[in-house]
Structures are given as C-alpha cells and as structure tokens.
Amino acid sequence: MIILKGKGVSDGIAIGKMFFYERQTGDVEKYEIEDTAAEYERFEKARLKAIDELDVLYNKAVEEIGEDEAMIFDMHKMMLDDEDYCDSVKNIISEEKVNAEYALEQTKNTFYELFASMDDEYMRGRAADIKDVSTRVMKILTNSGSGLEAGDEPFIIGADDLMPSETVQLDKAMLLGFATMHGSSNSHTAILARMMGIPAVISLKEQLKPEYSGKDMIIDGFTGEIYIEPDERTSKLYEQKRKEYELQKEMLKQLAGMDNVTLDGRRIDVFANIGHISDAESAIVNDAGGVGLFRSEFIYLENTDYPTENQQFEVYKSIAEKMNGKKVVIRTLDIGADKQADYFSIPKEENPAMGYRAIRICLDRQLVFKTQLRALFRASVYGHLAIMFPMITSVAEVRKIKQIVDEVKRELASEGCAFDENVELGIMIETPAAAMISDLLAQEVDFFSIGTNDLTQYTLAIDRQNQMLESFYDPHHPALLRMIKMVVDNAHNHGIWVGICGELGADLELTETFLAMGVDELSVRPSAIFALRKKVRETDVSKSLKAGVLNDYI
Ligand code: PEP
Ligand code: MG
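Only a predicted model underlies this, so the values are computations on that prediction, with no experimental measurement involved. (Residues numbered from 1 in each chain as written. Chains lettered and ligands numbered in written order. Predicted model: local features only at pLDDT ≥ 70, side-chain atom pairs only at ≥ 80, totals over all residues. Heavy atoms only, no water.)

## A look at the site of ligand 1
Taken together, 16 residues are adjacent to ligand 1, and Arg295, Arg331, Gly451, Asn453 and Arg464 come closest. Within the backbone of Gly451, a nitrogen or oxygen atom sits 3.3 Å from an oxygen atom of ligand 1. Between ligand 1 and Arg464, the relevant distance is 2.8 Å, taken from an oxygen atom to a side-chain nitrogen or oxygen of the residue. With the chains in place, 100% of the 290 Å² that ligand 1 exposes on its own is no longer accessible. (Near = heavy atom within 4 Å. Polar contact = N/O pair within 3.5 Å; in protein donor to acceptor, adjacent residues only side chain to side chain. Areas by Shrake-Rupley, 256 points an atom, 1.4 Å probe, with all protein chains shown as cover.)

Below, the structure is given as structure tokens:
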C-alpha cells in the first residue's frame, strides 16, 4: 500500500480504480516518407472517416436539438471538403516528402492564422472550427481519443491538473473522485468538484504517478490522504468511514422541509449554486429554496462553438421548469481567466485574472451578450428567473447593461415573443471597486450577490489559481468581512436584497457573522445546504450581537 498526502478540497470518500488522464501534448512528429501517394491516401481515408463521423453527429443533433444547432457539423464537413485545405495537405506531403500528420498540422496552423486575422468577427470565430475539424482528422490518423475516455466502470480521475473545460466534459455519472498533482482550492475545478459533491484531493505533486493508472485507490477528501492498492484493514476502515458519512448525510436530510430560521426568529434564504442542468436535480434533492447562482459559462465550455440562442433557451427553460416556480438566478457568461473556450479566440494575456473576462467580453462582443439575453428573457415565462452580471466595477457598466437589456426586450416585444417584464436584474459584488461604490450601485439594480472567491483574490492581491499562495488566501481577512458588511448595509439602505454566492457562504464558522450582518440569502453547493440549515437553526442572532460578533467589522 502506498500513502500520498495532498490537500482535500471536496469532502467525501471515493473508492475505486484510478484512471490517469494524460493531456494530448499536441506535439506532432515529423518524419520522411518515400511513397507520398500512399501517405496522401492515408490522409484521405482519415478525412472520409471524419466526414462519416460528422454525418452521424449532424443527424443526432437534428433529432436532439434541432436543425439550426446541427448546422455546425455541416459546416465542419464543408471545411473538410474544401479544395484549398486538401491541396495544402497534398502539396506538403509530396513536396516536402513528409508524413500526413505533419502536413495536416501545418495546414491547420496556416488556415487557423488566416481566419484568426480576419476583420469580420464571424469569420474570426471560424478559426476555432478549423482547429476542431483538423483535430478530428488527426485523432483518426493517430488512432487516439481525447484522453478523457476511461472505460465502462466508474473511476477516480488522476491528472496533473484539470482545466474547467476538461472537467465539464467528464461524464459525471462515471466519476467517483478527483486526484490531481497541482491546482488550488479556489480554482473552478475544485469548485466544480464540490458543486458535484465528488471527493477531491489536489496538490499531490510528484507523489501521484501516471503508472498508478488502473490501480485500486481510496481518496479521503476530508484529510487529503490517498491510498494506492490499500491493504485489507485500510479498505475495511474506509468502507466503514464512507458508510458513516452517507449516514450522516441521511440524518441531515431530516431537516428537509424545515425553515431556515434562527432561534430568535430571523429567516434567511438558502439557495444552491449549480453549473449544469443536471445539478438542478441535486438542488431539489437537497431542498434548496432556489438557485442563487447558475454559472452559465459552463454551457459555453461544453461546446466547440458559440451556443446558439435556441440551445441556451432550452437549458434555461428546463432549469426554470425543474425548479418549479422557485427563484433561479442565472449569471451571464463569465468566461476568461481560467475558463477558456478556443472559439472565443481570446489572445494570450500576461495577467488573465485581471484581464479580458466576464462582463468585459460581453460589453465588447455585444452579439454574444445579446444572444444570451434573448435566450434568458424568452425562458423567463417558464418559471421564476433572475439575471445577474459578473465582474462589475462601475455604474457606467451597469447603465450600459441596462440599455442593452432594454434593446433586447424591445426586439423581443416587436417579434411578438413572450417574456417576463419584471425579471430582477442584479450584479455580483466581486471587485473591491464594486464594494466601495455599492451605495451607488444599489440604486441601479434589484439585488446584489457577493462573490467572495474573486473578492478575496482582488482585495488581497492573491491569484486564486496560484498554488503557492494557498496559505495567504484568507477569506476570513477582516478587510473582506468589513467589505461584506458595508455591501450589506448599502444594499439595505437602498431597499434591495443581498446574498453571498462565493464559497464563503458555506463556511459554517461565519454563518453567525453573516446572519448578524443581515445577509438575506446564502447560495452554496447543494451538498452543503442541510448542514447550513442546521447551523442557522442553532444560532441566536441577538445573543451573537450582544456578544460582539460584529465588533471587528464596524
Ligand atoms: C465568486 O467569485 O465568488 C463567484 C461566485 O464566481 P466564480 O467563483 O465563478 O468566479
Ligand atoms: Mg467570480
């Protein structure tokens, strides 16, 4: 038995076989070829097979999501039939006497750059399609998959690190746990693991080796310990530990249907954070009062091209319907920084966390923003939706957003599309700038939701992705808590509600403080709801105030 020690970032015990995910490096070998005609034939076969695959995908998409959405696969087929593209591969093979993979890679790069440098935004977006179709052919040529297919049995995934875009591609039903060499507790991958309720250990460094792939493993998400090929005694102990944890969760479920009310009668909304339509189920099972944060960018990360209005409409409608009249706060696209999708073609940045992300992209690329807003408003008649905007820093941004929202509403009305006129519009308070002018911002919107993950990173000047800074990332820092108090007071002074949707909302050490501050809503991962309800029901706010729980934050 080998024991590894990392950092537990998502509670629970996972027992199963590990599959180590090795990212395709993208390095393409170049070697000499004598029979260039046979080599081109090899490319041609792979190309035709890729076209067959695209046919299957097209038909499946027509059936499942509609003809408009399926068009992307048709367009990819056209690209593979393009004479210039095929000629380029052929010429490189015959003139340079090189292998098909190398010729394809060169062709992909030339065409990618050509599209990426075009002025027209639509054509620029096609650069990602060139990459996508070329990768499809390359996989056939080299006989390799994405690397994320592990087999038929549920498994624990091991990896050096996982990007959010990779994590969302994993089949959640097959996933028992996460074990990674790198990563930070506040990265979106760790947040995703917690949101899905899947045990996770990060920061294992070189202790975690790819050769452990296929071996039995136990993950202890509480202590950060990992056991490879555990002995019988350890296996039994952990089976027992897992059962006890399950039992504890079952016991907490006795709180289902009960109010989130303190001993002295203060009520608070306890909502769920979700990232995928399938998480709505776990919000319901855990008796969430609503959804306080739906991270809509995961729809974009799961796609290889901009999700269409209809595709998004179906997702928002379905969540609104599933939540059956309970409030669902959908956050508009928060892409950028660690959440990257190739087709956005975001140039490489020196400082991505402080860069081109979230509302900045939406205000800059208004077609993308308007498409999402149209889908949201159309879905608003199927339940109780609210819309929230991320990464706000100024009143001017909010006014611009409201102007675009009005335009979208006018367009929909003129097309005779039904929508709810009174959808609440809120903003995330996750930059120090927004916190400091929250008195002004409160006059512009219907609610605030405090994003403590980013608010911590920007207030303390600590990159939340940086593993080396983990011990400095302190969301209990009085600077943060003072800001939260200030935002709550400013919201209430202007008659709007305020919630917390960052990870801190689930931190039971601060529940008493948040209740004393008068926070109206806490939105947490579904699995944290019952424990939070228990804590709320055991708290006496007047006593806490008398004991001076807020003294440091006034
Ligand atoms: C936050 O910043 O606290 C937040 C909820 O948003 P995200 O973690 O997705 O950046
Ligand atoms: Mg954030």
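Here the narrative resumes.
## Quick look at the coordination of the magnesium ion (ligand 2)
Only Glu430 (OE) and Asp454 (OD) from the protein coordinate the magnesium ion (ligand 2), and they sit 2.0 to 2.1 Å from it. In this pair, Glu430 is assigned in the loop between β13 (424–429) and α15 (432–436) and Asp454 in helix α17 (residues 452–460), connecting sequence segments 24 residues apart. Both residues of the pair, Glu430 and Asp454, belong to the buried class. (Donors = N, O, S within 2.8 Å, 3.2 Å for Na, K, Ca; no water. Helix = DSSP H or I, 4+ residues; strand = E, 2+ residues; numbered from the N terminus. Buried < 20%, exposed > 50% of the residue type's maximum accessible area, 1.4 Å probe, protein only.)

## Examining the packing of helix α13 (residues 366–379) against helix α14 (residues 395–414)
Across the interface, α13 lies against α14 with an axial gap of 10 Å and an inter-helix angle of 60°. By the angle between their axes, α13 is oblique relative to α14. Viewed along their axes, α13 and α14 form a crossing whose handedness is right-handed. Contacts between α13 and α14 involve Gln366, Phe369, Lys370, Leu373, Arg374, Phe377 and Arg378 from the first element and Lys400, Ile401, Ile404, Val405, Glu407, Val408, Lys409, Glu411 and Leu412 from the second. Each residue belonging to the contact of α13 with α14 can be placed in one class, and the counts come to 8 nonpolar, 1 polar and 7 charged. (Axes fitted to C-alpha atoms, helices over the stretch in contact; angles between N-to-C directions. Parallel < 35°, antiparallel > 145°, perpendicular 65-115°, else oblique. Left-handed = near helix turned anticlockwise from the far one by under 90°. Contact = heavy atoms within 4.5 Å. Nonpolar A, V, L, I, M, F, W, Y, C, P; charged D, E, K, R; others polar.)

## A word on the environment of Asp87
Checked against the element boundaries, Asp87 lands in helix α3 (residues 83–96). Among the residues examined, Asp87 registers a relative accessible area of 34% and is labelled partly exposed.

## Digging into the sheet that holds strand β10 (residues 291–295)
Ordered in space as β9-β10-β11-β12-β13-β14-β15-β16, the 8 strands form a closed barrel in which the pairing is parallel. Adjacent strand axes in the sheet meet at a mean angle of 25°, parallel and antiparallel pairs treated alike. Sheet strands in contact with α13 are β11 (327–331) and β12 (384–389), and its direction is about 160° off that of β12. (Pairing = 2+ DSSP bridges.)

## Notes on the environment of Val270
Tracing the chain through its elements places Val270 in strand β9 (residues 269–274). Apart from residues no more than four positions distant in its own chain, Val270 is found in contact with Asn260, Ala288, Gly289, Gly290, Leu522, Val524, Ile529 and Leu532.

## Quick look at the pairing of strand β7 (residues 216–220)
Burial analysis of β7 places 4 of its 5 residues in the buried class, which makes it a mostly covered element. Pairing of strand β3 (residues 13–20) with β7 involves 5 bridges; the strand directions are antiparallel. Residue pairing across strands places Lys17 opposite Asp216, the latter belonging to β7. Both β7 and strand β8 (residues 225–228) contribute to a ladder of 4 bridges, which runs antiparallel. Bridge pairing in β8 links Ile218 to Tyr227. The antiparallel pairing of β7 with β8 creates a hairpin that spans 4 residues between the two strands, and Gly224 there sits at a positive phi of about 85°.

## As for the pattern of salt bridges
For the coordinates displayed, the defined rule picks out 41 salt bridges. Among the salt bridges present, the one from Asp334 reaches Arg331, with a minimum N-O distance of 3.5 Å. Residue Asp334 shares its accessibility class with Arg331, and that shared class is buried. Where Arg357 meets Asp334, a salt bridge forms, and the shortest distance between an N and an O atom there is 3.0 Å. With Arg357 in the loop between β11 and α12 (359–364) and Asp334 in the loop between β11 and α12, the pair connects residues that are 23 residues apart, well separated along the chain. (Salt bridge = Lys/Arg side-chain N within 4 Å of Asp/Glu carboxyl O.)

Purely geometric stuff here, so don't read any function into it on its own.
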